[in-house]
Amino acid sequence: MAGAGGAAAAAARGLARAGTGARAAGRRRPLDPEKTLGLLEGSVVHQEGALLALNKPTGLPVLGQPGELSLDALLPVLRRRLGLPAEFHVVKAPARQCSGLVLLSSCYHTTKKLQQFFTRARQRGQYPATYCAVTVGVPAEAEGEIRTGLCWQQQGDTAMVRECRGAGGAQGALRSAEGCASQVVPVPAPGRHSLARKEVKNTLTRYRVLGARGGCALLQLQPKTTFPEQLQVHLTLLLCPALGDHEHSSRVGSVLRVPFLLTPEAAPTRTQVLDEELLSQLGLSPQQLRHLPLHIHLQELVLPEGPLCAPPPPHFLRTLRCLGLPECPSASRGSPPHSSLPAH
């Protein structure tokens, strides 16, 4: 397996170079290629015909920058280690900072059929993807919908080139000159022209509180639309940022423990701030907080043959135990009937 080791070493060198970006600085511990390959080898949750499903760890992008460690870069090595003859490509996947189900296909016609299935499901008002999330704060209503326009807002004067690419729109990749940054911001009432020019996209996520304790909650999230960082931004609009969200949580301020929303301009990106009591419950020091991973997990995808599930990662389960929150139920068992799709 010398070829696999060489590819992993090359990916590691690329990651060391790529980890210096503004959005990555001080946020993520670099992923070790060999360790990541080992995790992926043991993360197969479904294999049948042309389909392969993995349970992706937090922090691994599906499509990375050139030279960056990513699932796409590791797939050839992973395929050889699993003894699979065909090449796979991504059908559906969560974003870099989220964990959960990655659906891969080795057949073009199967991929096209599934993508059409997901599109028709959303058009019928159904929700084929279900996430679970731990939030800092409890929504005022036990269930509801978050609707808003979303767009990329550029910071600084340097030109930004955006590539929205990846599995079903789940992965957004940014390319910018060094020192330039951008962020996803809500647009509460987008104009007709900005929507027509695709500068803004209307987005919708349905949520349900599965449990709450000590000012934190476990939420079930079902996005009807896909936009980079949609779930994180939607949770801030609920005044309940996701635990481990170091990009958007600063937009939720608090006075006398009453949360309020700040504008993105007034809330620069920073490591999430947690009170001493919550840090103690989680067994974290302030220095460890900057490495706390995002607690959003793609738990279930409903396919034509039925639901496909992946358990949350160890850090997510540990947080649930520390906070006294319930385990994540399957959406097909624990949700209203219209959240699931009929088998075709």
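Residues numbered from 1 in each chain as written. Predicted model: local features only at pLDDT ≥ 70, side-chain atom pairs only at ≥ 80, totals over all residues. Heavy atoms only, no water.

As for the overall build of the chain
Let me state the cut-off plainly: Labels follow the DSSP assignment, with helices taken as runs of H or I lasting at least four residues and strands as runs of E lasting at least two, numbered in each case from the N terminus. When a residue's accessible area, from a 1.4 Å probe over protein chains only, is under 20% of the maximum for its type it is buried; when over 50% it is exposed; and in between it is partly exposed. The contact definition used throughout considers only heavy atoms, calling two residues in contact when any of these lie within 4.5 Å. Note on areas: Shrake-Rupley, 1.4 Å probe, and residue coverage restricted to the protein chains presented here.
Summing up its helical and strand segments, the chain has 10 helices and 15 strands in all. Looking at the 344 residues of the chain, the share that counts as buried comes to 48%. Taking all contacts inside the chain whose residues are at least 6 apart in sequence as the whole, residues at least 24 apart take part in 69%. Of the roughly 16300 Å² of accessible surface on the chain, a fraction of 54% belongs to carbon and sulfur atoms.

Details of the state of the cysteines
Our working definition: Disulfide: a pair of cysteine sulfur atoms within 2.5 Å of each other.
Taken as a whole, this structure holds zero disulfides when the rule is applied. Unpaired in terms of disulfides, cysteine 132 finds its nearest cysteine sulfur in cysteine 328, a separation of 3.0 Å.

Some thoughts on the nonpolar core
Operational definition: Think of a nonpolar core as a cluster: buried Ala, Val, Leu, Ile, Met, Phe, Trp, Tyr and Cys residues, connected wherever their side-chain atoms sit within 4.5 Å.
Core analysis: the largest hydrophobic core is formed by 29 residues, its most contacted members being Leu103, Leu221, Leu235 and Ile296. When contributions to this core are tallied by element, the ones reaching two or more residues are β2 (51–56), β4 (99–105), α4 (108–123), β5 (129–136), β11 (216–223), α6 (230–237) and β14 (296–303). For this core, the element with the highest residue contribution is β14, accounting for four residues. The residues touching leucine 235, leaving out its near neighbours within four places in the chain, are Ala133, Thr135, Leu219, Leu221, Cys240, Pro241, Ala242 and Ile296. By size, the runner-up hydrophobic cluster in this structure holds 18 residues, among which are Leu60, Leu69, Leu74 and Leu78.

Digging into the packing of aromatic side chains
Rule in force here: Pairing of aromatic rings covers Phe, Tyr and Trp, the last counted by its six-membered ring, and requires centre-to-centre distances within 6.5 Å; plane angles under 30 degrees mean stacked, over 60 mean edge-to-face, and any other angle means tilted. Note on geometry: a ring has a charge over it if NZ (lysine) or CZ (arginine) is within 6 Å of the ring centre and within 35 degrees of the ring normal.
With the rule as written, the count across this model stands at one aromatic pair. A ring pair is formed by phenylalanine 117 and phenylalanine 118, whose centres lie 5.9 Å apart and whose planes are at 55°; its orientation type is tilted. When the ring centre of phenylalanine 118 is taken as reference, the NZ or CZ atom of lysine 92 above it lies at 5.1 Å. Sitting above the plane of the tyrosine 127 ring, arginine 206 keeps its charged end 4.1 Å from the centroid.

Comments concerning the pattern of salt bridges
Defined as follows: One speaks of a salt bridge when a side-chain nitrogen belonging to Lys or Arg is within 4 Å of a carboxyl oxygen belonging to Asp or Glu.
Following the criterion strictly, the structure yields six salt bridges and no others. A salt bridge links arginine 96 to glutamate 68, with the nearest nitrogen and oxygen atoms 2.7 Å apart. Taken together, the residues arginine 96 in the loop between β3 (89–92) and β4 and glutamate 68 in the loop between β2 and α3 (71–82) connect sequence positions 28 residues apart. Ionic pairing is found between arginine 147 and glutamate 145, a salt bridge with its closest N-O pair at 3.0 Å. Note on arginine 147: relative accessible area 60%, which makes it exposed. Classification of glutamate 145 as partly exposed rests on a relative accessible area of 41%. Each member of the salt-bridge network shares a partner with another, and the members are Glu34, Glu41 and Arg81.

Looking at unusual backbone geometry
A positive phi angle, near 65°, is found at glutamate 229, a position not held by glycine. Inspection of the secondary structure puts glutamate 229 in the loop between β11 and α6. The class of glutamate 229 is buried, set by a relative accessible area of 15%. Its identity is not glycine, yet leucine 239 carries a phi of approximately 65°, on the positive side. Looking at where leucine 239 falls in the secondary structure, it is placed in the loop between α6 and β12 (252–255). The class of leucine 239 is partly exposed, set by a relative accessible area of 25%.

Quick word on the layout of surface pockets
Gaps left between atoms are located by rolling a probe of water-molecule size over the structure's atoms. Where we set the bar: Residues are said to line a cavity or pocket when one of their atoms sits within 4 Å of a point; the points come from a 1 Å grid over protein atoms alone, cavities being sets where a 1.4 Å probe fits but cannot get out and pockets being open sets with protein on both sides within 12 Å along at least five of seven lines. Grid points are joined across faces, edges and corners, and a volume is the space filled by probe spheres set on the points. Classification used: nonpolar for Ala, Val, Leu, Ile, Met, Phe, Trp, Tyr, Cys and Pro, charged for Asp, Glu, Lys and Arg, polar for all others including Gly.
What the second largest pocket holds in volume is close to 750 Å³. If you list the elements that add at least two residues to the lining of the second largest pocket, you get β12, β13 (258–261) and α7 (276–282). Counted by class, the lining of the second largest pocket contains 16 nonpolar, nine polar and five charged residues.

Some details on the packing of helix α2 (residues 33–41) against α3
Stated formally: Interaxial angles span 0 to 180 degrees and are taken between N-to-C directions of axes, which are lines fitted to C-alpha atoms, for helices over the stretch in contact. Should an angle fall under 35 degrees it is called roughly parallel, over 145 degrees roughly antiparallel, and 65 to 115 degrees roughly perpendicular, with every other angle called oblique. Crossings are sorted by hand: turned counterclockwise from the far helix by less than a right angle, the near helix makes the crossing left-handed, and turned clockwise it makes it right-handed.
Between α2 and α3, the shortest axis-to-axis distance is 10 Å and the interhelical angle comes to 60°. What the angle tells us is that α2 and α3 run oblique. Handedness of the crossing formed by α2 with α3: right-handed. Residues Glu34, Thr36, Leu37, Leu40 and Glu41 of α2 lie in contact with α3, whose contacting residues are Leu71, Leu74, Val77, Leu78, Arg81 and Leu82. Grouping the constituent residues of the contact of α2 with α3 by class yields seven nonpolar, one polar and three charged.

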